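Summary of the model geometry
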Amino acid sequence: MTAKEVQQLLRDPILLSFMVFVFTVNIYLQGSSVSLQLNRAAMVVQDGDHSAASRELIHRFRPPYFRLDGEVDSSREAIGLLDRGEVMVALDIPTGFQERLLKGESASVLMQVDATQSAQAFLATSYAARIVGQFGLEKILVREGLSSGSLEEVPVVIDDQRVWFNPNEKDTWFMPISEMLEAITLFSILLPAAAMVREKERGTIEQLMVSPLSPFQIMFPKVLAMTAVILFCMSLALFGVLGLVFQVPMRGSLPLFYVVTTLYIFANAGLGLFAATIARNLAQVGLLSLLILAPIILLSGTWTPPEAMPTWLRLATLASPLRHYIDASYGILLKGAGLDSLWDSVLAIGILGILIFSFGIRRFRRQFV
């Protein structure tokens, strides 16, 4: 029965091509085209001072974070560029900027940011604040006749940050893994459901039911065959895209990751079997799979951290197998964590898998037995 299911899937070139695309090209596009980092943000300057100090400050807004797209003559022109989305940042340096610095007085600059993309705008504001703050500190040291080494002689509070597991904060480590986990979730629901509905469409479900096989013996080979196919496609993504293209480090135990993934696929297969008892054809299976997939992803913490959700919704995320699978996957691949650290996530996947798979088998038995 398992060999039969594999052969049937191999005879479907469209579905196989779609799987290969999702686990290779789609993951590559997700990792290479989507970035949450600030990169060459378009910027214009209104320099009302035209002094050495203003030119020095402007020069500090340079790639890779900012890109100077020229100078404007008025605030109205700068706001017009912001409104049309042609630039993200407009920096306004007032007249008398250098004179106030030389007198030891406070000097202000105005920075207007297009916050349509809130994450990029937040980064632009943060980087600009650091640039202006460093500029002001250096001017104070020069005016007082001190050097940067003089700061070591006075008590200061040092903000020393240490980033673990992804020290360079690369999106190309996080996004491809996230896309791969979502692809595994989609096909772990879709493939078992499609295998069952295909029997309905061809009229062979009745032949299986009168065979000396129990409902579990009919469904389990289908899930087993689809699990093997998904693991094969996951290996293509893991070693061909994540490892070879994006150089994602795999610090943990890969056998443990495969075991956890197998357990997760079986957990989601119950949802696919449930969809198969409702759908009458493959088109309905596809729509039902998307309907089931949406809340699983939204409650997983992939897009919004559970800590940022309301309390009642945070509790609802515990019912999403993908949330626990994400914790286990990132823990294994990026952190090098073992089962001693991830046992609670693995246990949650196992419990949800038993409940969901049992529910799917029960629905199947009630419909056909």
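Here we summarise the structure given alongside this text. Everything quoted here is computed from the prediction, not taken from an experiment. (Residues numbered from 1 in each chain as written. Predicted model: local features only at pLDDT ≥ 70, side-chain atom pairs only at ≥ 80, totals over all residues. Heavy atoms only, no water.)

Description of the overall build of the chain
Broken down by element type, the chain carries 15 helices and 4 strands. In summary, the chain has a C-alpha radius of gyration of 28 Å against a globular reference of 21 Å for 369 residues, an excess of more than 25%. Each principal axis of the C-alpha distribution contributes one length, and for the chain these read about 95 × 45 × 40 Å. When the accessible surface of the chain is split by element, carbon and sulfur atoms take 61% of a total near 19800 Å². Side chains of the chain give 29 positive and 32 negative charges; the mean places of these two sets differ by 12 Å. (Helix = DSSP H or I, 4+ residues; strand = E, 2+ residues; numbered from the N terminus. Rg over C-alpha atoms; globule rule 2.2 N^0.38 Å. Areas by Shrake-Rupley, 256 points an atom, 1.4 Å probe, with all protein chains shown as cover. Lys, Arg positive; Asp, Glu negative; His and termini not counted. Charge placed at Lys NZ, Arg CZ, Asp CG, Glu CD.)

Focus on the layout of surface pockets
Considered as a void within the structure, the second largest pocket measures approximately 460 Å³ in volume. In terms of lining residues, the second largest pocket is bounded by 19 residues, among which F174, G301, T302, W303 and P305 are the most central. Examining the composition of the lining of the second largest pocket, we find that 6 residues originate from one element, helix α8 (residues 171-202), more than from any other. Among the residues forming the lining of the second largest pocket, the class breakdown is 9 nonpolar, 5 polar and 5 charged. (1 Å grid on protein atoms, 1.4 Å probe; cavity = no way out; pocket = protein on both sides within 12 Å on 5 of 7 lines; lining within 4 Å. Points joined across faces, edges and corners; volume = space filled by probe spheres on them. Nonpolar A, V, L, I, M, F, W, Y, C, P; charged D, E, K, R; others polar.)

So, helix α4 (residues 52-59)
Along α4, the residues that are buried comprise A53, S54, L57 and I58. One side of α4 carries all its buried residues, which in axial view fall inside an arc of 135 degrees. The inward-facing, buried residues of α4 abut β1 (41-47), β2 (66-71), β3 (89-93), α6 (97-102) and α7 (118-143). (Buried < 20%, exposed > 50% of the residue type's maximum accessible area, 1.4 Å probe, protein only. Arc of directions from axis to C-beta. Contact = heavy atoms within 4.5 Å.)

Some words on the packing of aromatic side chains
For the coordinates displayed, the defined rule picks out 14 aromatic pairs. Residues Y65 and Y127 carry aromatic rings whose centres are separated by 4.4 Å and whose planes lie at 35 degrees to one another, so their mutual orientation is tilted. Taken together, the residues Y65 in the loop between α4 and β2 and Y127 in helix α7 connect sequence positions 62 residues apart. Taken together, the ring pairs connect F257, Y258, Y264 and Y325 into an aromatic cluster. (Phe/Tyr/Trp six-rings, centres within 6.5 Å; stacked < 30°, edge-to-face > 60°.)

Things to note about the environment of R40
Position of R40 relative to the elements: it lies in the loop between α3 (25-33) and β1. Looking at R40, the relative accessible area reads 39%, which means it is partly exposed. C-alpha separation for the pair R40 and T2, spaced 38 residues apart in sequence, amounts to 53 Å. If near-sequence neighbours (up to four positions away) are discounted, R40 is found in contact with P63, P64, Y65, F66 and R67.

Structural notes on empty space enclosed by the protein
A complete count under the given rule lists 1 cavity of 30 Å³ or more for this structure. Considered as a void within the structure, the largest cavity measures approximately 50 Å³ in volume. The wall of the largest cavity is formed by V44, V45, Q46, V72, S75, A78, A90, L91, D92 and Q112. Secondary-structure elements contributing two or more residues to the lining of the largest cavity are β1, α5 (75-83) and β3. Partitioned by chemical class, the residues of the lining of the largest cavity number 6 nonpolar, 3 polar and 1 charged.

Some thoughts on a nonpolar patch on the surface
Nonpolar side chains collect at one region of the surface, where F18, F21, V25, Y28, L29, L244 and V245 lie side by side and expose about 630 Å² of accessible area between them. Only α2 (13-23) and α3 provide two or more residues apiece to the nonpolar patch. Tallying contributions element by element places α3 first for the nonpolar patch, with 3 residues. On the secondary structure map, L244 appears in the loop between α10 (215-243) and α11 (254-278). (Patch = residues over 30% accessible without salt bridge, like charges linked within 9 Å, V, L, I, M, F, W, Y side chains within 5 Å. Salt bridge = Lys/Arg side-chain N within 4 Å of Asp/Glu carboxyl O.)

Looking at the pattern of salt bridges
Applying the stated rule across the entire model yields 8 salt bridges. Across the pair E138 and R60 runs a salt bridge, and its minimum N-O distance is 2.5 Å. Note that E138 is positioned in helix α7 and R60 in the loop between α4 and β2, a separation of 78 residues in sequence. Given the relative accessible area of 29%, E138 is considered partly exposed. For the salt bridge of E105 with R100, the shortest nitrogen-to-oxygen distance reads 3.6 Å. Given a relative accessible area of 39%, E105 falls into the partly exposed group. Through salt bridges with shared partners, one network takes in E56, R60, E138 and K139.

Coordinates in, geometry out; function isn't part of it.
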